[in-house]
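# Tertiary structure, described
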Amino acid sequence: MKNYSSLIFFLAIVFLTACKKENTGTIKLAQHCPPGFELTADNKCLCRSLYHQYNSLNNAGVGGLQTGLPPMRDGFSPQQIDLGRYLFFDPVLSGNQKLSCASCHNPALGFSDGQARSTGFNGQLLNRAAPTLWNVAFLKSFFWDARASTLEEQMQGPLYAENEMNNTQEKLLSSLNAILGYRELFSQAFPKKNNNQIQINEVYTALAAFESSLISLNSRYDLYAHGYHEALKKNEIEGMNVFRSFVARCAECHTPPLFTNQQIAVLGTPEQEDLPFDAGAEKTFNDPSMRGGFKVPTLRNIAQTAPYMHSGKFASLQDVVTFYNSGRGHAVPENEKLSLHWHIWEPNLTQYEIERVVDFLNTLTDESFKPAAPQELPSGLQPVHLKKIIS
Amino acid sequence: MKTIFKFLGMLIAAAILFGAGYLVSKKQKSNVPPPPTVNYFSGAGTKNASGLQQTEERNVVEVKQGQSIQEAVNNAKSGDLIRVYPGTYKETIYIDKDNIYLQGVVLEGEWPILEGEKKRNDAILYSGNNMVIENFKIMNYKGNGIMGQAGNNFIIRNNYIIDTGVYGIFPEFGTNGLISHNILSGIEDAAIYVGMCDNIDVLYNEVFKSVAGIEIENSRHALVEGNYVHDNTGGILAFITPGLPIKTCFDVIIRNNFIINNNLENFGEPGSIVASLPRGTGIIIMAADEVTIENNIITGNENAGIVMTDLNFIAHITKDPESEPNPDRIVILDNIMSNNGSNPIDELKAARIAYMVTAKGIDIVAVGGGTGSCIRDKSKYVTIGLDNYSQCQSPGTANVLSYMLEKPAPPRDTKTEDRGRLIYYGICSGCHSYNLRMIGPPTMTIQALYKDNPQGIADYIAKPVHKRTDFPEMPPQDYLSEEKRLEVAKYMLSIDK
């Protein structure tokens, strides 16, 4: 039965794709903020979370259970966020109109893509795994190697990379400006604009607005953190205590409340067999001491985003924890001399402890604010991110 | 009524911090001798006797050999005093609540012992605010003896921590704490490690046979005073470690300590930062700023008495463009130094030759950059690399009695009336919008049903019954306390958009 309906769905998509029909200006952008945000009198969406009860040392947004969040991007209008949602799911953003942002950052797959390495423009495998977008509003650097410092800067990477979405700024603007529906939506989202031509910065702002709205701070762990200790089962609390112990030391870099301290760490994780050693942040900072260094990723919704690490080398969380337990530098190629992070050591966790840490990681899941993909896109194209799940 | 409870809670919190020793002794009912009533706040040069106040009776929970300390913690309420009697307790204790006073009872020399058997991770882990931990003997854990993660206002004192893994006492991300009168030895990293904290006093501890004695790292406003730091690899450290999320370390006072014979062979874990500490250094300042070193007795440290260095000191560590690498504005006042640097590392031997040092030993070394530093009576000491150090004009640190805060640091900083808003938008808005149908009915509709009846909403959301077949059943929100449910209900009824 399930397969049957999938087939119909798939055929429907093929059919609809075949008769691409531009949507002409019937869409009205949302006037309310997405969940997790309060609308202010001047039409801005401000993030609200129970974590805003707490402060944090030096306002760094790292600490323990009841610690405040780091500074974030918010204050976009409901219309900008909603426009960003249409753009995010629209393959019109790519050079061949076959890839959307959601192709690699699929809401159904934890805003990642379920692949070890993402699929590029011509179906080729890219070099790294797609990071989740949950809680990107709080991050101060982007990409595994931290080479962008704003979302706007980040998105220009995949948009214009030849092996990714392979668009150009000119082509992107001309495709969008050719769509009446988008011109109308951009004037809703940017009411002060003085001509009806879409500007590239408006595209970036809208995408950043949508991405900044992806908040995940209501997991069962969070209930525990706010004081409802019944939210976690005994095995999960055991796992939490291993996680934050100074033996496993996970929390030293995956620090609450976001479960990242946003630093670069050199771990020495293995690469995929067909790829050379990934220099990571060494290239970004032109610093050999950062060779093989990557940004510490958040662990929120981590159970939704296998496989893991920049290389997608580990299929399961169990494999990841086992890596950390297997000895400092055990997977570093012989010819590489890395400045491995000091917390990479030999914790000698038992199998039981490893399994409990995984139990705990599973409590960090919260997708209650997951946005819906648009039913129809202003371009008239069909959303492409669904195909992958159907097939 | 609720407000009164909150007020009492705050009183208790204040009392824990400032009057901890007093209140137990006053209300003692059992035959057990009371814990020491030493007032660590008004004697011994620390300030703020005015902060002391009496408080109402503390609920006492007793734990005896064969019982579980964790169980007592799980059942404890804010403000409880948990007294642990002599015996051996084989457990890891975690405290994720505020205002817990965990106290060992020492009877005729018998201590309550937390025994890790080299297989348990940490002895005590806390995340709550206003914590007191005292009078425990902690042995043989793999990780830390006592570790705090973001708890503010803590007192850790009178503990005896032996052969316990990585750090003996390690508060992290905490503001306003006292670490005093602890004895620590056999720790393979820093015995007392103040990491990413503000306003900490480390007073009158004995720290020996560990790799690093006392380390103040990426922290501000720390007073290290009156400690006996001997026979470690390195004595007292003030460090900026790169790659941590809080980048600065400044305003540290190191005074009146005995820093003696720190010549232990380094047994740090390979890869750890302290594993590269050369043996035989009394005080090491790495990249930290505004460190004052005053009135210490620093003798018999075979590498050097005091070393100031930039971040190049530690090899094989990932650099951090956000960490300022140089020690700046270091102030070295009067210190008694003798017999240091009798057997320095090769680099210092070479430096002696380069600087044409003919006197015996090395007291003070500065390597790498840094500006604005000074030393009083430089000619008293054998120094290398202090050419840029001026003569100190500083009158000393006598005006600083303590770096702890005059009032407890607030555990939270949002008023109660804002909490309803945070809960509504932070949680409820996932299903309810003001005038739109989402997963649940619009807030407008709920307002019409519960006009002037916030208690009705508070009761309903704790145990929802499925009323509307056109909506899915609401999951219970009983994880919110009754108080919080009422706050959010009131907020929900108050909004108009």
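Residues numbered from 1 in each chain as written. Chains lettered and ligands numbered in written order. Predicted model: local features only at pLDDT ≥ 70, side-chain atom pairs only at ≥ 80, totals over all residues. Heavy atoms only, no water.

### Let's talk about the overall build of chain A
Helices and strands together make up the secondary structure of chain A, namely 14 helices and 4 strands. Looking at chain A residue by residue over its 391 residues, the buried ones come to 61%. Accessible area for chain A stands at about 15600 Å²; split by element, carbon and sulfur atoms hold 53% of it. (Helix = DSSP H or I, 4+ residues; strand = E, 2+ residues; numbered from the N terminus. Buried < 20%, exposed > 50% of the residue type's maximum accessible area, 1.4 Å probe, protein only. Areas by Shrake-Rupley, 256 points an atom, 1.4 Å probe, with all protein chains shown as cover.)

### Side note on the sheet that holds strand S25 (residues 281-286) of chain B
Residues and elements named next belong to chain B. Here 11 strands make up an open sheet; going across it, the order is S4-S7-S10-S13-S16-S19-S22-S25-S28-S31-S33 and the pairing parallel. Because the sheet does not close on itself, it has two edges, and the strands there are strand S4 (93-95) and strand S33 (383-384). Bridge analysis of S4 against strand S7 (residues 124-126) gives 3 bridges, and the strand direction is parallel. Its bridge partner being in S7, Ile 93 is matched across the sheet by Ile 124. (Pairing = 2+ DSSP bridges.)

### So, the nonpolar core
Judged by nonpolar contacts, the single largest core of 191 residues is most densely connected at Leu 83, Leu 87, Tyr 182 and Val 203 of chain A together with Leu 102, Leu 114 and Ile 285 of chain B. Element by element, the count of residues in this core is highest for helix H7 (residues 200-211) of chain A, at 8 residues. One finds Ala 231 of chain A together with Tyr 424, Leu 480 and Ile 495 of chain B within the second-largest nonpolar core, a separate group that totals 21 residues. (Core = buried A, V, L, I, M, F, W, Y, C linked by side-chain atoms within 4.5 Å.)

### Re the state of the cysteines
A complete count under the given rule lists 2 disulfides over all chains for this structure. Between the sulfur atoms of Cys 33 of chain A and its disulfide mate Cys 45 of chain A the distance is 2.1 Å. Across the S-S bond linking Cys 33 of chain A and Cys 45 of chain A, the dihedral sits near -95°, which makes this disulfide left-handed. With Cys 33 of chain A in the loop between helix H1 (2-18) and strand S1 (37-39) and Cys 45 of chain A in strand S2 (residues 45-47), this pair connects stretches of sequence that are 12 residues apart. On the basis of relative accessible area, Cys 33 of chain A is assigned to the buried category, the value being 11%. We classify Cys 45 of chain A as buried; its relative accessible area is 1%. Disulfide pairing is shown between Cys 374 of chain B and Cys 392 of chain B; the S-S distance is 2.0 Å. The sign of the S-S torsion, about 90°, decides the handedness of the disulfide formed by Cys 374 of chain B and Cys 392 of chain B: right-handed. (Disulfide = S-S within 2.5 Å.)

### Focus on the packing of helix H9 (residues 234-243) of chain A against helix H13 (residues 351-361) of chain A
Residue and element names in this part refer to chain A. Orientation of H9 relative to H13, taken along the N-to-C sense of each, is 105°, at an axis distance of 7 Å. Classified by the interaxial angle, the pair formed by H9 and H13 is roughly perpendicular. Contact residues: Asn 235, Glu 236, Glu 238, Gly 239, Met 240, Val 242 and Phe 243 in H9; Tyr 352, Glu 353, Arg 356, Val 357, Asp 359, Phe 360 and Leu 361 in H13. Classifying every residue of the contact of H9 with H13 by side-chain character gives 7 nonpolar, 2 polar and 5 charged. (Axes fitted to C-alpha atoms, helices over the stretch in contact; angles between N-to-C directions. Parallel < 35°, antiparallel > 145°, perpendicular 65-115°, else oblique. Contact = heavy atoms within 4.5 Å. Nonpolar A, V, L, I, M, F, W, Y, C, P; charged D, E, K, R; others polar.)

### Regarding the interface of chain B and chain A
Listed per partner, the contact involves 66 residues of chain B and 59 residues of chain A. For the pairing of chain B and chain A, the buried interface totals around 5000 Å² over both sides, and the portion due to carbon and sulfur atoms is 57%. Counting every contact that joins chain B to chain A gives 2 salt bridges. Between chain B and chain A we count 20 residue pairs in polar contact (both at pLDDT 80 or more) in total. Going through the elements one at a time, strand S10 (146-149), strand S13 (169-172), helix H4 (416-426) and helix H7 (482-494) of chain B are the ones with two or more residues in the side of chain B that touches chain A. In terms of residue count, H4 of chain B provides more of the side of chain B that touches chain A than any other element does, 6 residues in total. (Buried area = accessible area lost by both parts, 1.4 Å probe. Salt bridge = Lys/Arg side-chain N within 4 Å of Asp/Glu carboxyl O. Polar contact = N/O pair within 3.5 Å; in protein donor to acceptor, adjacent residues only side chain to side chain.)

### Topic: helix H5 (residues 169-177) of chain A
Turning to H5 of chain A, its buried residues number three or more, namely Leu 172, Leu 173, Ser 175, Leu 176 and Asn 177 of chain A. Tucked inside the fold, the buried residues of H5 of chain A contact helix H2 (78-89), helix H4 (151-160), helix H6 (180-189) and H7 of chain A.

### Details of the packing of H2 of chain A against H7 of chain A
A pair of packed helices is characterised by two quantities: the angle between their axes and the separation of those axes. Residue and element names in this part refer to chain A. Close contact between H2 and H7 brings their axes to 7 Å; oriented N to C, the two are set at 95°. Taken as axis vectors, H2 and H7 run roughly perpendicular relative to one another. Along the contact surface, H2 presents Gln 80, Ile 81, Leu 83, Gly 84, Arg 85, Leu 87, Phe 88 and Phe 89, while H7 presents Val 203, Thr 205, Ala 206, Leu 207, Ala 209, Phe 210 and Glu 211. Along the lines of polarity and charge, the residues of the contact of H2 with H7 split into 10 nonpolar, 3 polar and 2 charged.

### Here we look at the environment of Met 492 of chain B
Residue and element names in this part refer to chain B. You can see Met 492 is positioned in helix H7. Residues Met 492 and Tyr 450, spaced 42 residues apart in sequence, show a C-alpha to C-alpha distance of 10.0 Å. In this structure, Met 492 is in contact with Tyr 424, His 432, Thr 443, Ile 446 and Gln 447, ignoring residues within four places of it in sequence.

### A few points about the sheet that holds strand S27 (residues 297-299) of chain B
Residues and elements named next belong to chain B. Strand order in the open sheet formed by 10 strands is S3-S6-S9-S12-S15-S18-S21-S24-S27-S30, and the pairing between neighbours is parallel. Of all strands in the sheet, those bounded by a partner on one side alone are strand S3 (87-89) and strand S30 (336-338). In this sheet, neighbouring strand axes are inclined to one another by 10° on average, regardless of whether the strands run parallel or antiparallel. In the sheet, strand S24 (residues 258-260) pairs with S27 via 3 bridges, with the strands oriented parallel. Across the sheet, residue Phe 258 finds its bridge partner in S27, namely Ile 297.

### Observations concerning the confidence of the model for chain A
For chain A, the mean per-residue pLDDT works out to 92, and 92% of the residues sit at or above 70. Note on residues 1-19 of chain A: pLDDT under 50 across the span, and 10 contacts to partners over four residues away in sequence or across chains. (pLDDT = per-residue confidence, 0-100.)

### Some words on the pairing of strand S5 (residues 101-104) of chain B
Residues and elements named next belong to chain B. Burial along S5 is two-sided: the face carrying Tyr 101 and Gln 103 and the face carrying Leu 102 and Gly 104 are both buried. Sheet topology places strand S2 (residues 81-84) next to S5; 4 bridges connect them, and they run parallel. Of the residues in S5, the one forming a bridge with Val 84 is Gly 104.

### Comments concerning the packing of aromatic side chains
Scanning the model with the defined rule gives 27 aromatic pairs over all chains in all. Their ring planes at 75° and their centres at 6.0 Å tell us that Tyr 51 of chain A and Tyr 54 of chain A sit as a pair that is edge-to-face. Pair check on accessibility: Tyr 51 of chain A and Tyr 54 of chain A agree, each one buried. Aromatic side chains Tyr 221 of chain A and Phe 259 of chain A sit 5.0 Å apart centroid to centroid with 80° between the ring planes, which places their arrangement in the edge-to-face category. Within this pair, whereas Tyr 221 of chain A is found in helix H8 (residues 220-225), its partner Phe 259 of chain A is found in the loop between helix H10 (250-253) and strand S3 (264-266), the two being separated by 38 residues in sequence. Note on Tyr 221 of chain A: relative accessible area 1%, which makes it buried. Given the relative accessible area of 0%, Phe 259 of chain A is considered buried. Above the plane of the ring of Phe 143 of chain A lies Arg 147 of chain A, whose end atom (NZ or CZ) is 3.6 Å from the centre. Of note, Arg 437 of chain B hangs over the ring of Phe 471 of chain B, and the distance from its end group to the ring centre comes to 4.0 Å. (Phe/Tyr/Trp six-rings, centres within 6.5 Å; stacked < 30°, edge-to-face > 60°. Lys NZ or Arg CZ within 6 Å of the ring centre and 35° of its normal.)

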